[in-house]
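Residues per chain, in single letters:
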Amino acid sequence: MTAEAAKKHHTIASGDRTILPEGAKMIPVYVMGKKYMLPETLTIQKAIEYAGYQFIRACGCRGGICGACPTVWRVQGDYQLHFGLACQTVIEENMVLAQLPFFPANKAVYDLEELSQIGDAVGMLYPEVMKCVGCNTCTRACPMEIDVMEYINAGMRGDVARAAKVSFDCIQCGLCSARCPAQIAHYHVAQLCRRLHGRYILPRATHLESRVEQILAGRYDKMLEELAGKPEDELRKLYVAREPEPLDSKNWEPKDKTYL
């Protein structure tokens, strides 16, 4: 280990920065084809930053939700191609990394209000689904362990409710489409099915009607104007100090009701 690496090795940071346990082993990892010695405890995302790179894209929520950091890798000596999210996957020795911050899949343009024949919508807007060869590569590529082929088959049958349910955890990373020999844009199909399900099958969310009316009546315009006029530093402080809504938010209201 070099003196510089040893100095980094003992750095203790907090928040979104790297925190290394004492004695973490340094292992070789290849980023953009270049070899780096990196702490074995880091996720791919933090390891790349530790190597000196700064993310401008492919670094969204850092919590496995947004799908902005799909990553492909091989381990030297292993023929298999692996897939995962950079923010959730811990590095391995001799990993060779490549990221896909964007995948150019076909996205149909449609007006949801005009898609009343929901059973035919998937085949009409994404006819390439009929070319599915059943290889299940899409499912194997999914970092969320979703049965992708199952919801594509449901969409082909016009079973929008089933497709919406199976694809509910999709984070739109595009790794499924990157591997598909039939050129299917799985995650866009999934989004279409969830929109159709919400628009035409699920009951209306009556508890939100009053809030929508308040928004349309301009009740929150003043608050939004005040926020838009604040400097970035103050917005950051407000964000950190905010009162988070609990998971069980039934009958919950924030302590500060200034704008309610």
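Please read all numbers here as calculations on a predicted model, not as lab measurements.

Cut-off values and rules
- Residues numbered from 1 in each chain as written.
- Predicted model: local features only at pLDDT ≥ 70, side-chain atom pairs only at ≥ 80, totals over all residues.
- Heavy atoms only, no water.
- 1 Å grid on protein atoms, 1.4 Å probe; cavity = no way out; pocket = protein on both sides within 12 Å on 5 of 7 lines; lining within 4 Å.
- Points joined across faces, edges and corners; volume = space filled by probe spheres on them.
- Helix = DSSP H or I, 4+ residues; strand = E, 2+ residues; numbered from the N terminus.
- Nonpolar A, V, L, I, M, F, W, Y, C, P; charged D, E, K, R; others polar.
- Disulfide = S-S within 2.5 Å.
- Buried < 20%, exposed > 50% of the residue type's maximum accessible area, 1.4 Å probe, protein only.
- Salt bridge = Lys/Arg side-chain N within 4 Å of Asp/Glu carboxyl O.
- Pairing = 2+ DSSP bridges.

## Observations concerning the layout of surface pockets
The space that makes up the largest pocket amounts to roughly 1100 Å³. Forming the boundary of the largest pocket are 27 residues, of which Met 223, Trp 252, Pro 254, Asp 256 and Leu 260 lie nearest the centre. Every element with two or more residues in the lining of the largest pocket is listed here: α9 (209–216), α10 (221–228) and α11 (232–241). Across the lining of the largest pocket, the residue classes break down as twelve nonpolar, six polar and nine charged.

## Brief notes about the state of the cysteines
One pass over the full model with this rule turns up zero disulfides. We note that Cys 142 lacks a disulfide partner, and the nearest cysteine sulfur, in Cys 173, lies 6.3 Å from it. Given the relative accessible area of 14%, Cys 142 is considered buried. Looking at Cys 173, it has no disulfide partner, and the nearest cysteine sulfur is the one in Cys 176, 6.1 Å off.

## Quick notes on the pattern of salt bridges
Two side chains with opposite charge may pair up if their charged atoms get near one another. This model, assessed by the stated rule, comprises seven salt bridges. Ionic pairing is found between Glu 113 and Arg 199, a salt bridge with its closest N-O pair at 3.0 Å. Here Glu 113, found in the loop between β5 (95–99) and α3 (118–125), pairs with Arg 199, found in helix α8 (residues 186–201); they are 86 residues apart in sequence, far enough to count as distant. We note a salt bridge from Arg 162 to Glu 150, for which the minimum N-O separation is 3.0 Å. Of the two residues, Arg 162 is situated in helix α6 (residues 160–166) and Glu 150 in helix α5 (residues 148–156); the sequence distance between them amounts to twelve residues. Judged by its relative accessible area of 34%, Arg 162 falls in the partly exposed class.

## What about empty space enclosed by the protein?
Tallied over the full model, the rule gives two cavities of 30 Å³ or more. Taken together, Cys 142, Pro 143, Met 144, Ile 146, Val 148, Tyr 151, Cys 170, Ile 171, Gln 172, Cys 173, Cys 176 and Tyr 187 make up the full set of residues lining the largest cavity. Quantified by volume, the second largest cavity comes out at close to 70 Å³. Taken together, 13 residues line the second largest cavity, and the ones lying closest to its centre are Cys 132, Cys 135, Cys 138, Cys 180 and His 186. Within the lining of the second largest cavity, the residues separate by chemical class into ten nonpolar, three polar and no charged.

## A word on the pairing of strand β1 (residues 26–31)
Burial runs high along β1: six of the six residues are buried. By the alternation rule, side chains of β1 split into Met 26, Pro 28 and Tyr 30 and Ile 27, Val 29 and Val 31, which are all buried. Here β1 pairs with strand β2 (residues 34–39) via six bridges, running antiparallel. Directly across from Val 31, in β2, lies its bridge partner Lys 34. Taking the residues that link successive antiparallel strands as the turn, the β1-β2 hairpin has two residues, and the phi of Met 32 there is positive, at about 55°. As paired elements, β1 and β5 share three bridges and run parallel to each other.

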